[in-house]
Number of protein chains: 2
Amino acid sequence: MQAISEAESRIMEALWRKTPLSAEQIISTVGPENGWAPATVKTLITRLLKKNAIAGAKEDGGYFYRPLIARADWVQSESQGLLDRLFKGEVAPLVAHFAEHRQLSAKDLRQLKALISKIEDDGK
Amino acid sequence: MQAISEAESRIMEALWRKTPLSAEQIISTVGPENGWAPATVKTLITRLLKKNAIAGAKEDGGYFYRPLIARADWVQSESQGLLDRLFKGEVAPLVAHFAEHRQLSAKDLRQLKALISKIEDDGK
DNA sequence: CATTGGAAAGTACGGGTGTAATCTGGCAAG
DNA sequence: CTTGCCAGATTACACCCGTACTTTCCAATG
């Protein structure tokens, strides 16, 4: 249901990038990326199965895994937690923080302005 | 040096709110807040000492603890990690995400606009 | 100097995590 | 029908974390 660990999330990311994937494919993408033995990847897959975060099924000749939770949902709970714990749930201070630490690129600024305009237009 | 755990961060937050604090003070602020036995709080203090995240010293009649790392630094590494893992290091997509999930209050919008104006003025 | 009170260290223990090997059982191919 | 491969389960093990108690050691106080 919940609490996908860091290592497990690497598997999820692979499946979110491309779904479905066979065990073999997961191992060959995610293994080298992280320096994991095949057995390790299989353990992570097992744990994700147990957590109902993914499902495996045989389809047209092979056995494939698919994510059962949407990346957006996961991102939501992860980032919501951080926002609450560190910034009292307010988005602006978070952005201000990044701004102070020179983490706001010109590209970010452009995108942010566009985003704000869009939101205001929608509300109109 | 690193990796302050969730529970440990509660102690840090108390010390960041008011520094220095005695063990007694930490226990009586942080204990009830989290439903922790005094012994638990002391364990967390010990672990933070071992991690060099705080320091204890006797000063004018009592024994007091002070944080050794700045809250801003901690917030920085925590949020940077999330930003990198979830949003490829780009701030705008993060804000966009919150916007989509109705997490952007009117107040946030106001503050964001002010923030952006300020940044642009500074750059001028 | 002896006692005491508190800080720090040590011990405990169940659960999660990272890392990994092996066992098992069913399906497919020969 | 038998055999082999592969998914899933089991087992392993050290470390971190949450939760907590007990022991040790130092410093101040009487």
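Residues numbered from 1 in each chain as written. Chains lettered and ligands numbered in written order. Predicted model: local features only at pLDDT ≥ 70, side-chain atom pairs only at ≥ 80, totals over all residues. Heavy atoms only, no water.

### Observations regarding the protein's contact with DNA strand C
Thinking step 1. Around DNA strand C there are 17 residues in total, and S5, W36 and T43 of chain A together with Y63 and Y65 of chain B lie nearest to it.
Thinking step 2. The protein-proximal atoms of DNA strand C, defined as those within 4 Å of the protein, are 63% sugar or phosphate.
Thinking step 3. S5 of chain A is positioned with one of its side-chain polar atoms (N or O) 2.5 Å from a phosphate oxygen of DNA strand C.
Thinking step 4. Within the contact set of DNA strand C, a base nitrogen lies 2.9 Å away from a side-chain nitrogen or oxygen of R47 of chain A.
Thinking step 5. Sorting the residues of the surface near DNA strand C by element identifies α1 (6-17) and α3 (38-50) of chain A together with α3 (38-50) and β3 (62-67) of chain B as the ones contributing at least two each.
Thinking step 6. Element by element, the count of residues in the surface near DNA strand C is highest for α3 of chain A, at four residues.
Thinking step 7. Counted by class, the surface near DNA strand C contains nine nonpolar, three polar and five charged residues. (Near = heavy atom within 4 Å. Polar contact = N/O pair within 3.5 Å; in protein donor to acceptor, adjacent residues only side chain to side chain. Helix = DSSP H or I, 4+ residues; strand = E, 2+ residues; numbered from the N terminus. Nonpolar A, V, L, I, M, F, W, Y, C, P; charged D, E, K, R; others polar.)

### Some remarks on the protein's contact with DNA strand D
Thinking step 1. DNA strand D sits among 17 residues. The nearest are Y63 and Y65 of chain A together with S5, W36 and T43 of chain B.
Thinking step 2. Sugar and phosphate atoms constitute 62% of the interface atoms of DNA strand D, taking the interface as everything within 4 Å of the protein.
Thinking step 3. One of the backbone nitrogen or oxygen atoms of A7 of chain B is found 2.9 Å away from a phosphate oxygen of DNA strand D.
Thinking step 4. Measuring from a phosphate oxygen of DNA strand D, one finds a side-chain N or O atom of K51 of chain B at 3.4 Å.
Thinking step 5. Taken together, the elements giving at least two residues each to the surface near DNA strand D come down to α3 and β2 (62-67) of chain A together with α1 (6-17) and α3 of chain B.
Thinking step 6. Looking at the surface near DNA strand D, the element that brings in the most residues is α3 of chain B, giving four residues.
Thinking step 7. Counted by class, the surface near DNA strand D contains nine nonpolar, three polar and five charged residues.

### What about the domain arrangement of chain A?
Residues and elements named next belong to chain A.
Thinking step 1. Looking at chain A, the domain boundaries give domain 1 (1-89) and domain 2 (90-124).
Thinking step 2. With centres defined by C-alpha atoms, the gap from domain 1 to domain 2 works out at 30 Å.
Thinking step 3. Taken residue by residue, the interface counts five residues in domain 1 and five residues in domain 2.
Thinking step 4. Carbon and sulfur atoms make up 72% of the area that domain 1 and domain 2 hide from each other, which totals about 410 Å².
Thinking step 5. When the area that domain 1 buries against domain 2 is broken down by residue, the three leading residues are L83, F87 and G89, summing to 86%.
Thinking step 6. Counting across the domain 1 and domain 2 interface gives zero salt bridges.
Thinking step 7. Inspection of the region where domain 1 meets domain 2 yields two residue pairs in polar contact (both at pLDDT 80 or more).
Thinking step 8. The class makeup of the residues in the side of domain 1 that touches domain 2 is three nonpolar, one polar and one charged. (Domains from an automatic or database assignment. Contact = heavy atoms within 4.5 Å. Buried area = accessible area lost by both parts, 1.4 Å probe. Salt bridge = Lys/Arg side-chain N within 4 Å of Asp/Glu carboxyl O.)

### With respect to the pairing of strand β1 (residues 54-59) of chain A
Each regular strand shows side chains that alternate between the opposite faces of the sheet.
Residues and elements named next belong to chain A.
Thinking step 1. Pairing of β1 with β2, which is carried by six bridges, proceeds in the antiparallel orientation. Paired with A55 across the strands is R66, a residue of β2.
Thinking step 2. Taken together, β1 and the strand that follows it, β2, pair antiparallel across an intervening segment of two residues, in which D60 is found at a positive phi of about 25°. (Pairing = 2+ DSSP bridges.)

### Points about the sheet that holds strand β2 (residues 54-59) of chain B
Residue and element names in this part refer to chain B.
Thinking step 1. Within the open sheet, the three strands sit side by side as β1-β3-β2. Their pairing is antiparallel. The open sheet has two edge strands with one neighbour each: β1 (21-22) and β2.
Thinking step 2. With two bridges connecting them, β1 and β3 associate as antiparallel partners. Among the inter-strand pairings, L21 is bridged to a residue of β3, identified as Y65.
Thinking step 3. Along the sheet, α1 contacts β1, β2 and β3; its crossing angle with β3, the most-contacted strand, is approximately 105°.
Thinking step 4. Along the sheet, α3 contacts β2 and β3; its crossing angle with β2, the most-contacted strand, is approximately 105°. (Axes fitted to C-alpha atoms, helices over the stretch in contact; angles between N-to-C directions.)

### Focus on the pattern of salt bridges
Pairs can form between side chains of opposite charge whenever their charged atoms are close.
Thinking step 1. Considering all chains together, one arrives at 17 salt bridges over all chains under this definition.
Thinking step 2. The partner of R85 of chain A in a salt bridge is E78 of chain B, with the nearest N and O atoms 3.9 Å apart. Here the residue R85 of chain A occupies a position in helix α4 (residues 71-87), and E78 of chain B occupies one in helix α4 (residues 71-87), the pair thus bridging two chains.
Thinking step 3. Classification of R85 of chain A by relative accessible area gives partly exposed; the value is 35%.
Thinking step 4. What makes E78 of chain B partly exposed here is its relative accessible area of 26%.
Thinking step 5. The salt bridge involving R10 of chain B is made with E6 of chain B; its shortest N-O contact spans 2.6 Å. Here R10 of chain B pairs with E6 of chain B, and both are found in helix α1, just four residues apart, close to one helical turn.
Thinking step 6. For E6 of chain B, a relative accessible area of 33% puts it in the partly exposed group. (Buried < 20%, exposed > 50% of the residue type's maximum accessible area, 1.4 Å probe, protein only.)

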